[in-house]
Amino acid sequence: MTARAAGGRREGALGERVVRLGIALAIAFGGVALGAGYWQVLRADDLAHDPSDAGVIAATQNAVRGRILDRDGHVLATNRRGTGGALYRVYADQSLSAPLGYASSLYGSAGLEAADASELLGLGGDDPLARALAKFRTPSPRGDDLRTSLSLALQELAVRLLGNDRGAVVALDPRTGDVLALASTPTFDASGIANPATSRAAFTEALDDPGQPLLDRATQGLYVPGSAFKIVTAIAGFASGAIDAATSFPQQPGDEITGLLVDGFRVVDGHHLFTGSEVLDFSRATEVSCNIWYALAGLRSGGAGMDAAARRLGFGAPIPFDLPTAVSQLTNGGGPLPGGFADDVELANAAYGQGEVLVTPLQMALVAATVANGGLEPRPRLVTAFVSPSGAVSAVPTGTLGRVLGAPDAATIAGAMVQAVEGVDGQKFTAGAQVAGVTVAGKTGTAQLGGSGEPNSWFIGFAPAEAPTIALAVIVEHGGSGGARAAPLAGDLLRAYFAAQP
Amino acid sequence: MTQVDLPGFPRPVARPRELGLLLAMAGCLVLGSLSLGSTQAGGLALAQPAELAIYLGALAAMHLALVVAGRRVDEVLLPVVGLLGGIGLLLAERLPQDLVVQRVGPLTLGLASLQLIWLVLAFAVGAAAAIAVRSDRWLRLYKYTWAAFGLGLLLLTFVFGRDVNGSRLTLDVGPVSWQPSELLKVILVVFFAAYLAENRVQLADARVRVAGPLTLPPAPYLLPAALMLALALGIVVIQRDLGAALLFFSVFLCLFYLASGSKVDVVIGIVLFVAGFIVLALVFAHVRERVANWLDPWADPLGAGYQTIQALHAFARGGLLGTGLGAGLPMVDGHLPIPAVQTDFPLAALGEELGMAGVVAILACYLVVVARGLRIAAGAADDVRALLAAGLALVIGVQAIIIAGGNLKLIPLTGITLPFISYGGSSLLVNGLIVGLLLALSDRGPAPPAAPRRARRVRQDRS
């Protein structure tokens, strides 16, 4: 304040400029402080919890990862101390390689180990004061345990049933979305990759395997669905009002012989001579898996109707799930027709699961679960709760992905799916999925791939049909017809599941 | 003014405000050392108590020297700069000591020891300048000599210097490497201040109409300054020291505004700079790379963008309150996450360990230095002293903004130091000199005789 007196000697102009300059500098410093706020507050979470963050990497190397448990408390993943004193991951069974992934000091992490890394490593706490004081805690913090909905027994069985074939099985509880099994074959040696002593060899082996075991087929594999997709066409038809239980097409028997003429192309299908000249209704068409009937139903729903139902089921976007999912598609999206169909031929083909339709096994399991759950699609869930080292349980709520169609329509479709497994004609294809004492609903698929080789074998379904507790999707690559490989596999799985129920 | 009571024994003048602030600052550093020591030792402990004692002792010695010298100079600068230097020392103690190792005779000194030595030397230089510089005549009369000396120094570096990280900035003299562009900052400010003050009236009033309302100072007055600037910029650009170029230009523009009062000149200057920068980007690949890396470091996350990305992650890890001293900067495979953290990214390290709160506090300290410098300028006896004080303070303030902005990806990253905090001898010594000169310029002359009425009071008279 006394300096002002001295300043009085100067002419005012310079003093004023000095003040203005000071304000300009203050604004510049304020701008830098705002920049600090942007990175340290607004962007803090996504940067600091990114797997590439040095803190996450260091914690990966130093912190004690939480365990991963199955629905019955079996330990699926835990830690072992190596010769050098460093901890590394051990997994209960190789069948778990797809959902759990691996955590390796050399090769990073994958699967649930990557998706829930910050919880497993105990980086979850976001209270700034707690974090500032955390440095005075004892070293090597322990992460949260993950409690999952997986059933170790069912998971092991699913992988065993897939055997040497490539394929995937997704089984979930349609009421809650709890995933019971998420199998993908071939599996890989996740414990080998996690163990520093064998890490390099195990990873190289997995990477070089032509079966691509590192690809989680259950969530990332995209397949032509074949006739299993007819359930989506049925959902679209009922949801749009284009069809009902009594819908039939008079030209259907004739077209089975001559082919269905669409835009000058013939959609040919001749594989159920035993219905002869019978004009099929919805249930019968589903039971015998009539391509002509479904092509006509798809055309009646139209591209827009098919697209709307597919989108509501989760097509066209990643499915909200614990693991990253590939995007299922109805079309390539380039065509001029609603929904991106190129023409009615593509639409007719898509209606029975050919065309440009590509789906993930998880998506198809959700289609089955939607029908099983009265038209309400459950949100799939793998982790059911986080358990902190102190024992505090933070449950993950169940949720839904929304209502896809009304309960009566869902019941009608479920009834047709029961016929497809248990009906006189249905069991000619699908008898393998039957379980003594339990009514099974389902639909096979035999996805023609073009070119030579066996088709992909599909089955989707649920049981017990009256009050479903399990819905599933099975895909066996080059497994032949759906009835030959996927349906019996589903039957074995369901038998084991119900045998274990009290 | 500058007539001085020559030697003899000056009357000591108590500096209670400085003492109080120094004590508060010492308290902060002791707490910081305690926080760091506790993290490192796992129990209650001070980090490197001997180094802390030496550092605080050096500050106390400088305070005492100013008291004994009896000059009535600014009492806020030393504690603020002392706090910044202390934070830098804590950071140097916290980082791995083998980041910088120098052999001096039988001794092998690590990062913190070297930083402490440079800090103590810097305060010695500052104290010497604050006490010894009584006249600005030797600065103002020989402005062209100084300018020539500065440019000569740069040329010397260019011819005999050593390339470090693609920039030819360092000159090896004996065991020590110097960065002459650090000293050039002071020399240029001296030249600008003397030159602009001398031509101030002409720059402001005898303006030549260019087009419409656009006027410029007459060419004979503008040309030498522009030439001087272009020369300095040119050499600096050839040496690839873009940070220094930005710093010189910004400070020059600020001083030009102070002298001429013309906002139009400032706008023209900024436009010229932006245009010049675009030309540079078109001509020089390394400038282009730097801009591209600034716009999207994630384009090359493991190469050119690595350092920037790691720094941003460090800021993010710090969050609002930070991880606490010593608890951040996770080592991955035995390496610090940010390369060259001690020279180019100390703010990122501090941002992680002290949080946004710490970053804002550090920025506020620089703003205080700028405010004190501008205050000294406003109260200066004449134009030269005013422009000199403003220019010296701006060198510190603008440099802090440039490197902090670079660390936070607000502007392209340039390899200049964060004043008083970054490791580096040349930088610390020159910044010490700047503080010393600012203190000298703030001298309010001998205390006027006490009024008889007040003389009876017990309290020390400080007018």
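Throughout, residues of each chain are indexed from 1 in the direction in which the sequence is written. By the order in which they are written, chains take letters starting at A while ligands take numbers starting at 1. Where local features are concerned, this predicted model is filtered to residues with pLDDT of at least 70; where side-chain atom pairs are given and counted, the filter is 80 or more; whole-chain, interface and lining totals use all residues.

To continue, consider the overall build of chain A. Numbering of helices and strands runs from the N terminus; a helix is a DSSP stretch of H or I covering at least four residues, while a strand is a stretch of E covering at least two. Counting its regular elements, chain A contains 21 helices and 17 strands. The contact criterion used is a C-beta to C-beta distance within 7 Å, with each C-beta placed from the backbone. A separation threshold of at least 6 residues defines the contact pool for chain A, and within that pool the share at least 24 residues apart is 70%.

This part is about the overall build of chain B. If you tally the helices and strands in chain B, you get 17 helices and seven strands. As a rule, residues whose C-beta atom has 12 or fewer other C-beta atoms within 10 Å are exposed, those with 20 or more are buried, and those in between are partly exposed; C-beta atoms are placed from the backbone. Sorting the 463 residues of chain B into buried and exposed places 53% on the buried side. When contacts within chain B are restricted to residue pairs at least 6 apart in sequence, long-range pairs at least 24 apart make up 70% of them.

Moving on, we get to the interface of chain B and chain A. Note on interface size: it is often stated as the accessible area lost on association of the parts. Counting from both sides, the interface comprises 51 residues of chain B and, opposite them, 40 residues of chain A. Those elements that place two or more of their residues in the side of chain B that touches chain A are α1 (16–41), α10 (242–260), α13 (306–318), α14 (346–378) and α15 (383–407) of chain B. Here the element with the most residues in the side of chain B that touches chain A is α14(B); it accounts for 14 residues.

Residues and elements named next belong to chain A. DSSP-based pairing: two strands are paired if at least 2 bridges between them are found. Taken in spatial order, the six strands of this open sheet run β3-β2-β1-β6-β12-β13, and their pairing is mixed. The strands lining the two open edges of the sheet, one partner per strand, are β3 (87–91) and β13 (393–395). Pairing analysis gives two bridges linking strand β1 (residues 68–69) to strand β6 (residues 145–148), with the strands arranged parallel. Bridged to Leu69 within β6 is Arg147.

Residues and elements named next belong to chain B. Closest axis-to-axis distance for the helix α2 (residues 49–69)/helix α4 (residues 111–132) pair is 10 Å, and the angle between their directions is 5 degrees. By the criterion of interaxial angle, the relationship of α2 to α4 is roughly parallel. Taking contact as the criterion, the partners of Glu51, Ile54, Tyr55, Ala58, Leu59, Met62, Ala65, Leu66 and Ala69 in α2 are, on α4, Ala112, Leu116, Leu119, Val120, Phe123, Gly126, Ala127, Ala130 and Ile131. Its residues assigned to classes, the contact of α2 with α4 shows 16 nonpolar, one polar and one charged. Geometry is summarised by axes, namely lines fitted to C-alpha atoms with helices restricted to the contacting stretch, and by angles between N-to-C directions that run from 0 to 180 degrees. Working rule for angles: under 35 degrees goes down as roughly parallel, over 145 as roughly antiparallel, 65 to 115 as roughly perpendicular, anything else as oblique. Residues are grouped as follows: nonpolar covers Ala, Val, Leu, Ile, Met, Phe, Trp, Tyr, Cys and Pro; charged covers Asp, Glu, Lys and Arg; every other residue, Gly included, is treated as polar.

Another aspect to go through is the pairing of strand β12 (residues 383–387) of chain A. Residues and elements named next belong to chain A. In this sheet, β12 lies alongside β6 in antiparallel orientation, the contact comprising four bridges. Considered in β12, the bridge of Leu146 is made with Phe386. As paired strands, β12 and β13 are joined by three bridges and run antiparallel to one another. For Val387, the partnering residue across the bridge sits in β13 and is Val393. Once β12 ends, the chain turns through five residues before running back antiparallel as β13, passing Gly391 with a positive phi of about 95 degrees.

Quick look at the sheet that holds strand β8 (residues 179–185) of chain A now. All names here are of chain A. One open sheet accounts for five strands, arranged β8-β7-β17-β16-β15; its pairing is antiparallel. The sheet is open, and its two edges are formed by β8 and β15 (441–447), each paired on a single side. Adjacent strand axes in the sheet meet at a mean angle of 5 degrees, parallel and antiparallel pairs treated alike. Looking at chain direction, strand β7 (residues 167–172) and β8 are connected through six bridges and run antiparallel.

The subject of this paragraph is the confidence of the model for chain B. Residues and elements named next belong to chain B. Put simply, chain B has an average pLDDT of 85, and 89% of its residues get 70 or more. A residue's pLDDT is simply how confident the predictor is in it, with values from 0 to 100. Mean pLDDT across the secondary structure elements of chain B bottoms out at helix α17 (residues 452–455), with 53, and peaks at helix α3 (residues 77–94), with 96. Scored as a complex, the prediction yields pTM 0.69 and ipTM 0.91.

All names here are of chain B. Every helix has an expected span of 1.5 Å times one less than the residues it contains. Over its 25 residues, α15 runs 35 Å from end to end, which matches the ideal 36 Å to within 8%, given 1.5 Å per residue. To get the bend at a residue, fit one axis to the 7 residues ending there and another to the 7 starting there, then take the angle between the axes. The largest bend in α15 is about 25 degrees, located at Leu394. A large share of α15 lies buried, amounting to 25 of its 25 residues. Positive phi shows up at Lys409, right after α15, with a value of about 60 degrees.

The buried count for strand β17 (residues 470–476) of chain A comes to seven of seven residues, which makes it a mostly enclosed element. Residues of β17(A) alternate between two faces, with A:Ile470, A:Leu472, A:Val474 and A:Val476 on one and A:Ala471, A:Ala473 and A:Ile475 on the opposite face, all of them buried.

Axis angle and axis distance: for two packed helices, these are the angle between their axes and the distance between the axes, and together they describe the pair. All names here are of chain B. Following both chains from N to C, one finds α10 and helix α11 (residues 263–283) inclined at 160 degrees, their axes separated by 9 Å at the closest point. In terms of axis orientation, α10 runs roughly antiparallel to α11. Here α10 runs over α11; the crossing is right-handed. Contacts from Phe249, Leu253, Phe256, Tyr257 and Ser260 of α10 reach α11 at Asp265, Val266, Gly269 and Phe273. Per-class residue counts for the contact of α10 with α11 are six nonpolar, two polar and one charged. Should the near helix be turned anticlockwise from the far one by less than a right angle, the crossing is left-handed, and should it be turned clockwise, the crossing is right-handed.

Here we come to the nonpolar core. To form a nonpolar core, buried Ala, Val, Leu, Ile, Met, Phe, Trp, Tyr and Cys residues must be joined through C-beta atoms within 7 Å. In this structure, B:Ala193, B:Leu255, B:Leu387, B:Ala389, B:Ala390 and B:Leu438 are the most contacted members of the largest nonpolar core, which totals 149 residues. In terms of residue count, the dominant contributor to this core is α14(B) (19 residues). Those residues in contact with B:Ala193 that sit more than four places away from it in its chain are B:Leu255, B:Val384, B:Leu387, B:Leu388 and B:Gly391. Judged by nonpolar contacts, the second largest core, of 140 residues, contains A:Leu121, A:Val371, A:Ala414 and A:Leu489.

Residues at a pLDDT of 70 or more form 92% of chain A, whose mean pLDDT is 89. Residue range residues 1–11 of chain A is modelled with pLDDT below 50. Its contacts to residues more than four positions away, or to other chains, number ten contacts.

Residue and element names in this part refer to chain A. Following Thr185, the chain continues to Pro186 via a peptide bond in cis, the omega torsion being 0 degrees. Looking at the secondary structure, you find Pro186 in the loop between β8 and α10 (190–194). Backbone geometry places Ser289, a non-glycine residue, at a positive phi of 55 degrees. By the element assignment, Ser289 lies in the loop between α15 (282–287) and α16 (291–313).

Residues and elements named next belong to chain B. Of note, Val67 is situated in helix α2. The partly exposed category is assigned to Val67, around which 15 C-beta atoms lie within 10 Å. In this structure the C-alpha to C-alpha distance between Val67 and Ala14, which are 53 residues apart in sequence, comes to 5.6 Å. Once you skip the residues sitting within four places of it in the chain, Val67 turns out to touch Pro12, Val13, Ala14 and Arg15.

Residue and element names in this part refer to chain B. Turning to its location among the elements, Leu46 is positioned in the loop between α1 and α2. By the C-beta count within 10 Å, which is 18 here, Leu46 ends up partly exposed. For the pair Leu46 and Leu31, spaced 15 residues apart in the sequence, the C-alpha separation amounts to 8.5 Å. Those residues in contact with Leu46 that sit more than four places away from it in its chain are Ser33, Leu34, Gly37 and Leu52.

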